[in-house]
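Next come the chains, spelled out residue by residue.
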Number of protein chains: 2
Amino acid sequence: MPGKVAPALPERPMLFWHHAGACTARSSRASLARVSITHLQSFVAVAEEGHVGRAARRLHITQPPLSRHILALEDELGTPLFERVPKGMRLLPTGEALLQHARRILEEVEVAARTVREAAQGSGASKPPPT
Amino acid sequence: MPGKVAPALPERPMLFWHHAGACTARSSRASLARVSITHLQSFVAVAEEGHVGRAARRLHITQPPLSRHILALEDELGTPLFERVPKGMRLLPTGEALLQHARRILEEVEVAARTVREAAQGSGASKPPPT
DNA sequence: AGTTATTACGTAGAACGTAACGATA
DNA sequence: TATCGTTACGTTCTACGTAATAACT
């Protein structure tokens, strides 16, 4: 069998994202390596809405996957980011810390994409533009 | 068995990443939304090595998926990032532009993770630390 | 009962690796 | 022919959504 990788070593309701990269066992120093831009967008949405349901509608997905995004982040970081209150989700200090960086990262991503596209136009790009 | 084969509706050697998000058809304004941290790491590795094979070994994966990472980025951005030369891969101006931002983003991610972990320790975190 | 987030479960899809291919010198 | 990147193909694993559950007011 071709693609074989993770022997899996479940010890809890663990979550996997990618193919459980080569040697990054879980606590080496995998700084959010398994996290995608989407996860950060999810986090910011929940942080801003304080509500998984609302954030989910805003992101055009359902609650469960969004909830899993948050749980995945918390698991990856090894610490909770929200306090679960009856009204919804309230940022913990850890979450506040992440929020700032997450926004920064997402903004950087935007800038990166824009910059590359501009560079492409400037140098006579390739792929077919709008129309 | 759950596994499916995917009949696919190819019109080209297209590539999909997530579930092809709700409405983001392909050119709305999805600024790298489909791109993960891993993709950026792959890009940086190839850019630094100038060689898919070497970069792949460095990342502990094989060439094909790494090559696909690059093609995915190029497709997402709508422009090539490398020039394919006999020796390997040479950064185009667009690639140089992205490289700077990619490094910045990856660094930001590192800082974010570290900051959150520190905040967790400072406030008496939860999840089981090293030992 | 009416909220909320989470877990269970099944299926579609994304991503790996092996192998085959294509292009260039 | 040798070396590089890419495409083909089959399998594993991730991630969605629906439905059921748990906790709290």
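Residues numbered from 1 in each chain as written. Chains lettered and ligands numbered in written order. Predicted model: local features only at pLDDT ≥ 70, side-chain atom pairs only at ≥ 80, totals over all residues. Heavy atoms only, no water.

### A closer look at the pairing of strand β2 (residues 88-91) of chain A
Residue and element names in this part refer to chain A. Alignment of strand β1 (residues 82-85) against β2, held across 4 bridges, turns out to be antiparallel. Residue pairing for β2: Glu-83 is matched across the bridge by Arg-90. The turn joining β1 and β2, which pair antiparallel and follow one another in sequence, is formed by 2 residues. (Pairing = 2+ DSSP bridges. Helix = DSSP H or I, 4+ residues; strand = E, 2+ residues; numbered from the N terminus.)

### Some words on the packing of aromatic side chains
All names here are of chain A. All chains considered together, the criterion is met by 2 aromatic pairs over all chains. Summarising the aromatic geometry, the rings of Phe-43 and Phe-82 are spaced 5.5 Å apart at their centres and angled 55° between planes, so their arrangement reads as tilted. Separated by 39 residues along the polypeptide, Phe-43 in helix α1 (residues 37-49) and Phe-82 in strand β1 bring together distant segments of the chain. The pair formed by Phe-43 and Phe-82 is uniform in burial state, with each residue classed as buried. (Phe/Tyr/Trp six-rings, centres within 6.5 Å; stacked < 30°, edge-to-face > 60°. Buried < 20%, exposed > 50% of the residue type's maximum accessible area, 1.4 Å probe, protein only.)

### Quick notes on the environment of Leu-32 of chain B
Take Leu-32 of chain B: it is sitting in the segment before α1 (37-49). Leu-32 of chain B sits in the buried class, given a relative accessible area of 2%. Leu-32 of chain B has contacts with Ile-37, Val-109 and Ala-113 of chain A together with Leu-73, Glu-76 and Leu-77 of chain B, leaving out every residue within four places of it along the chain. (Contact = heavy atoms within 4.5 Å.)

### Structural notes on the packing of helix α4 (residues 93-122) of chain A against helix α4 (residues 93-122) of chain B
Relative to each other, α4 of chain A and α4 of chain B sit at 175°, their axes nearing to 9 Å. In this view, α4 of chain A runs roughly antiparallel relative to α4 of chain B, as classed from their interaxial angle. Its residues assigned to classes, the contact of α4 of chain A with α4 of chain B shows 18 nonpolar, 6 polar and 4 charged. (Axes fitted to C-alpha atoms, helices over the stretch in contact; angles between N-to-C directions. Parallel < 35°, antiparallel > 145°, perpendicular 65-115°, else oblique. Nonpolar A, V, L, I, M, F, W, Y, C, P; charged D, E, K, R; others polar.)

### So, the side chain of His-69 of chain A
When you line up the elements, His-69 of chain A lands in helix α3 (residues 63-77). His-69 of chain A has contacts with Thr-38, His-39 and Ser-42 of chain A, leaving out every residue within four places of it along the chain.

### Regarding the nonpolar core
Among the nonpolar cores identified, the biggest contains 57 residues, and Phe-43 and Phe-82 of chain A together with Phe-43 of chain B are the most heavily contacted of them. Not counting residues within four places of it along the chain, the set of residues in contact with Phe-82 of chain A comprises Phe-43, Val-46, Ala-47, Ile-70, Glu-74, Met-89, Arg-90, Leu-91 and Leu-92 of chain A. (Core = buried A, V, L, I, M, F, W, Y, C linked by side-chain atoms within 4.5 Å.)

Bear in mind that shape data such as this cannot, by itself, settle questions of function.
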